[in-house]
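Each chain, letter by letter, is given below.
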Amino acid sequence: MSKARRISPARGTGATTTGKRPRLDLLQAAADVVAALPDAVVVTGIDRRVLATNEAGAELLGWEISEIVGQAIADHVAPAERTHVAAREDKVLAGEPQRYETRVINHRTGEERDVAVSSGPFRMEGDLIGTVATLRDITEPKRAQDTLARSEARYRHLVESASDAIVTLDANGRFTTVNHAAENISGYKREELVGQWFAPMLPDDDLPKALGHFQQALAGETGLFETMFYRKDGEVRTISVTYSTPQKDEEVLCLIRDVTDQKMLQEQLIQSEKMSAIGQLVSGVAHELNNPLAGISAFAQLLLAEKRFPPDQRTAAETIYSEARRASRIVQNLLTFARQHKAEKVLTAINQVLDDTLELRAYELRVRGIDVRREYDDSLPDTMADAHQLQQVFLNLITNAEQAMEQRDGHHHHRLTVRTRRTADAIRIEIEDSGAGIPPNLIERIFNPFFTTKPTGSGTGLGLSISLGIVREHEGRIWAENAPQTGARFVVEVPVTEPRPSGEHATVAQVQSQASDRLRVLVVDDEASVRVSLQRYLAGRGHEVETTASGQDALTRLKASKYDAVIVDMRMPDLSGEQLFERLRSDDPAHAERVIFTTGDLVNEQMRRFLDGTGRPCVPKPFEFASFDQALPAARRRP
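Residues numbered from 1 in each chain as written. Predicted model: local features only at pLDDT ≥ 70, side-chain atom pairs only at ≥ 80, totals over all residues. Heavy atoms only, no water.

K.L.:
Would you mind going over the overall build of the chain with me for this structure?
P.N.:
For the chain, the count of helices and strands is 19 helices and 22 strands. For the chain, the proportion of its 639 residues judged to be buried stands at 43%. Contacts spanning at least 24 positions in sequence make up 60% of the contacts within the chain whose residues lie at least 6 apart. Here the chain displays about 35,100 Å² of accessible surface, and carbon together with sulfur accounts for 51% of that area. (Helix = DSSP H or I, 4+ residues; strand = E, 2+ residues; numbered from the N terminus. Buried < 20%, exposed > 50% of the residue type's maximum accessible area, 1.4 Å probe, protein only. Contact = heavy atoms within 4.5 Å. Areas by Shrake-Rupley, 256 points an atom, 1.4 Å probe, with all protein chains shown as cover.)

K.L.:
Looking at this model, I keep getting lost on empty space enclosed by the protein. Mind explaining?
P.N.:
For the coordinates displayed, the defined rule picks out 3 cavities of 30 Å³ or more. What the largest cavity holds in volume is close to 340 Å³. Lining of the largest cavity is provided by 24 residues; of these, Phe 175, Phe 198, Ile 239, Val 241 and Ile 256 occupy positions nearest its centre. Of all the secondary structure elements, the ones that give two or more residues to the lining of the largest cavity are strand 6 (165-170), helix 5 (180-186), helix 7 (207-218), strand 8 (223-230), strand 9 (236-247) and strand 10 (251-258). Sorting elements by how many residues they give to the lining of the largest cavity places helix 7 first, with 4 residues. Here the lining of the largest cavity is built from residues that sort into 21 nonpolar, 3 polar and no charged. Of the voids in this model, the second largest cavity is the one considered here, and its volume is about 210 Å³. The set of elements that each furnish at least two residues to the lining of the second largest cavity consists of strand 1 (40-45), helix 3 (82-93), strand 3 (98-105), strand 4 (112-124) and strand 5 (127-137). The class makeup of the residues in the lining of the second largest cavity is 12 nonpolar, 5 polar and 2 charged. (1 Å grid on protein atoms, 1.4 Å probe; cavity = no way out; pocket = protein on both sides within 12 Å on 5 of 7 lines; lining within 4 Å. Points joined across faces, edges and corners; volume = space filled by probe spheres on them. Nonpolar A, V, L, I, M, F, W, Y, C, P; charged D, E, K, R; others polar.)

K.L.:
What is the right way to look at the packing of helix 15 (residues 551-560) against helix 16 (residues 577-587) in this model?
P.N.:
Two packed helices can be described by the angle between their axes and the distance between those axes. Interaxial distance between helix 15 and helix 16 falls to 10 Å at its minimum, and their mutual angle equals 25°. One finds that helix 15 runs roughly parallel with respect to helix 16. As helix 15 runs across helix 16, the sense of the crossing is right-handed. Between helix 15 and helix 16, the residues in contact are Gly 551, Gln 552, Ala 554, Leu 555 and Leu 558 and Leu 580, Arg 583 and Leu 584, respectively. (Axes fitted to C-alpha atoms, helices over the stretch in contact; angles between N-to-C directions. Parallel < 35°, antiparallel > 145°, perpendicular 65-115°, else oblique. Left-handed = near helix turned anticlockwise from the far one by under 90°.)

K.L.:
Would you explain the sheet that holds strand 12 (residues 370-375) in this entry?
P.N.:
Strand pairs in the sheet, formed through backbone hydrogen bonds, run parallel or antiparallel to each other. The sheet built from 5 strands is open, its strands ordered 12-14-15-17-16 with mixed pairing. Taken across any chain shown, the strands that pair with only one partner, and hence form the sheet edges, are strand 12 and strand 16 (477-482). The average undirected angle you get between the axes of adjacent strands in this sheet is 15°. Bridge count between strand 12 and strand 14 (residues 414-422): 6 bridges; the pairing is parallel. Each residue of the ladder has a partner; that of Asp 371, found in strand 14, is Arg 415. The strands touched by helix 12 (residues 387-406) are strand 12, strand 14, strand 15 (426-432), strand 16 and strand 17 (488-495); relative to strand 14, the strand with the most contacts, the crossing angle is about 150°. Against the sheet, helix 13 (residues 463-473) makes contact with strand 16 and strand 17, and its axis sits at roughly 135° relative to strand 16, the strand it touches most. (Pairing = 2+ DSSP bridges.)

K.L.:
Help me understand the nonpolar core, please; the structure alone is not making it clear to me.
P.N.:
A general tendency of soluble globular proteins is for nonpolar side chains to be buried together. Residues Phe 394, Leu 416, Ile 429 and Phe 490 are the most contacted members of the largest nonpolar core, which totals 36 residues. Looking at this core, the elements with two or more residues in it are helix 10 (350-360), helix 12, strand 14, strand 15, helix 13, strand 16 and strand 17. For this core, the element with the most residues is helix 12, which contributes 7 residues. Each residue touching Phe 490, except ones within four places of it in the same chain, is listed here: Leu 397, Ile 429, Glu 430, Ile 431, Ile 438, Ile 446, Phe 447, Leu 464, Trp 479 and Ala 480. (Core = buried A, V, L, I, M, F, W, Y, C linked by side-chain atoms within 4.5 Å.)

K.L.:
Sorry, what's going on with a nonpolar patch on the surface here?
P.N.:
Together, Leu 281, Val 285 and Leu 289 make up an exposed nonpolar region whose accessible area comes to about 260 Å². As for its placement among the helices and strands, Val 285 is situated in helix 8 (residues 260-305). (Patch = residues over 30% accessible without salt bridge, like charges linked within 9 Å, V, L, I, M, F, W, Y side chains within 5 Å. Salt bridge = Lys/Arg side-chain N within 4 Å of Asp/Glu carboxyl O.)

K.L.:
I keep staring at the pairing of strand 17 and nothing clicks. Help me out?
P.N.:
A regular strand places its side chains on the two faces of the sheet in alternate fashion. Within strand 17, 7 of the 8 residues are buried, which leaves it mostly tucked inside the rest of the structure. Here 6 bridges tie strand 16 to strand 17, and the two strands are oriented antiparallel to one another. In the strand pairing of strand 17, Ala 480 is matched with Phe 490. Between strand 16 and strand 17, which follow one another and run antiparallel, lie 5 residues, and Gly 487 among them has a positive phi close to 85°.

K.L.:
Teacher, can you tell me more about the sheet that holds strand 19 (residues 544-548) here?
P.N.:
Pairing is parallel across the open sheet formed by 5 strands, whose spatial order is 19-18-20-21-22. Strands with a single pairing partner mark the edges of an open sheet, and in this sheet they are strand 19 and strand 22 (618-620). In this sheet, adjacent strand axes meet at a mean angle of 20° when their direction is disregarded. Pairing of strand 21 (residues 595-599) with strand 22 involves 3 bridges; the strand directions are parallel. Among the inter-strand pairings, Phe 597 is bridged to a residue of strand 22, identified as Cys 618.

K.L.:
What exactly am I supposed to notice about the side chain of Thr 357 here?
P.N.:
With respect to the helices and strands, Thr 357 occurs in helix 10. Discounting chain neighbours no more than four positions away, the residues touching Thr 357 are Gln 391, Phe 394, Leu 395 and Ile 398.

K.L.:
Got a minute to help me understand helix 16 in this structure?
P.N.:
An α-helix turns once per 3.6 residues; consequently, residues spaced three or four apart project the same way. Among all positions of helix 16, only Gly 577, Leu 580, Phe 581 and Leu 584 are buried. Buried residues of helix 16, viewed axially, fall in a sector of 95°; they line one side. Those residues of helix 16 that are exposed and aimed more than 90 degrees away from the buried face are Ser 586 and Asp 587. The elements touched by buried residues of helix 16 are helix 15, strand 20 (565-569), helix 17 (589-592), strand 21 and helix 18 (605-614). (Arc of directions from axis to C-beta.)

K.L.:
Is there a simple way to explain the pairing of strand 2 (residues 50-53) in this structure?
P.N.:
Pairing geometry for strand 1 and strand 2, over 3 bridges, is antiparallel. Paired with Val 43 across the strands is Ala 52, a residue of strand 2. Adjacent in sequence and paired antiparallel, strand 1 and strand 2 are bridged by 4 residues, among which Arg 48 carries a positive phi angle near 65°.

K.L.:
Sorry if this is basic, but what is going on with unusual backbone geometry here?
P.N.:
Trans peptide bonds make up the majority, and among non-glycine residues the majority have a negative phi. A cis amide bond, omega -15°, links Lys 621 with the succeeding residue Pro 622. Its place among the elements puts Pro 622 in the loop between strand 22 and helix 19 (625-635). Residues other than glycine seldom take positive phi values, yet Arg 48 does so here, at roughly 65°. In this fold, Arg 48 is placed in the loop between strand 1 and strand 2. Of the residues examined, Arg 48 reaches a relative accessible area of 24% and is grouped as partly exposed.

K.L.:
In this structure, what is going on with the environment of Phe 623? I would like to understand it.
P.N.:
In this fold, Phe 623 is placed in the loop between strand 22 and helix 19. A relative accessible area of 1% places Phe 623 in the buried class.

K.L.:
Looking at this model, I keep getting lost on a negative patch on the surface. Mind explaining?
P.N.:
Taken together, the side chains of Glu 55, Glu 59, Glu 64 and Glu 67 define an acidic patch exposed on the protein surface. Among the secondary structure elements, Glu 55 is positioned in helix 2 (residues 55-61). The exposure class of Glu 55 is partly exposed, given its relative accessible area of 45%. (Lys, Arg positive; Asp, Glu negative; His and termini not counted. Charge placed at Lys NZ, Arg CZ, Asp CG, Glu CD.)

All we've got here are geometric facts, nothing functional implied.
What follows is the structure, given as structure tokens:
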């Protein structure tokens, strides 16, 4: 081989062809590469001072490249990180490369920056002279990551602290994520729900609807629906589900709210509205029913007053009179219970309130074969109470007793015992049934709002809680206990309080009319039976009686003549009793002071307020003739 073809190796270079390629200086090339890197490269000696760096390194540490050599690298590490970095560099000097994150300080600005460090030993001709480290500025990505982590933590906190259940379902309808509220509402643990298909938790009747909404959600629609579902313990609850699809065809997000209590409250409000409507209906028909009942009762009394009336016919007349009074009490009890009215405490006979309540349930008790035993203390004093509210309490307790006895299997003969007695300072009422009793673990809970052991749709769970509120308003107590033999016993105690002055309309004076008091009486009533019966009775008592069916005609008669008493029905087609009285009070005060009202609806609040304001006596229909014997002397004409 000739000299011209001989290849001379060059230090640090690969083989080259003389005259064809320039000699490559690898050290210079490496320096150029390092200088062009976007990441900082810092070479430190064994003494931990900077030997060399690239432009990116000088800029990261806040020096000019000509000034950084000789600077202690520890001075550029955040104080809290210096021990950690020194330990890492010790390992590098021991020949073990390191990767870690730390924070460095910019000498010029004092700003701390987060960096990812990749550090290894630096050798020259086989001798270890220090370390070479690559530092990548990760401040912005790390801040973004921290911001995202905080956002995710905040989201998790919001989701976990939400009172509504928040769940996600995959395309197969299986739970993928659930929050804490979902555990509370369903009764399942989180690990039990994740991966479970939702369908078995829904009743068969509601499942097709729920599946239809699930398909709509997968298609990207947003919607809302209600359904029933089974808790883990088997309790049936009502839920409202709002759904959307963050990832179409992949995942469904559901916001679930337990609306069971809300639905019960709505049902209670609807029931309240129904009761109000019944009150208005009964109010409208009460007068119409009581008018014919007044006629029946009045003529029965006239027949019974005939001394020569045959005994067999007298029995028939007594039956007519008794049934008319019974029908009147039923109408009045319905009106009293159904009407919404302001709480008003008056002197009340507890035994009578119980009798009125039992009469309301008489038919149901009879057809269910329930024997009612009344064990009353006849010496009970009257006490200040709202009879309407107490009747609601007693009706709730009696109805609960009926249902408890009806649900007890194998027993066809049931007994309801209603007992009253006087304690030291209260009246004690006990309502005891022969049902299965109350489980001991439920006795303390039965007065809680919405708590019920009845099947869905059979009760709202508000009856006993309302009763508790009413009794407390009366400063009394109510509790439940199991009777010694069988069944449950509810006990109500109300304090005995003295009467207080009230604005009640004038009661009929307890004064008997003397035979010599012949009075001139005008009867104003649109019911013929009432007019005729009153005319016959009062004429039989020696009075001079005129009758009219028209309020306008009554005004004409009162202008033309003087009367000792004017008996006026409150409801008449042309001129009501209230309008007639106001005309008299304005134009004829003397006759206004002789008015005796009659009405079949004393529960009407507007009518009661009017009667209270007049101070005139009022005889309710159906009436006892003796009531007019008591009222007439107070209305007789003054000399």
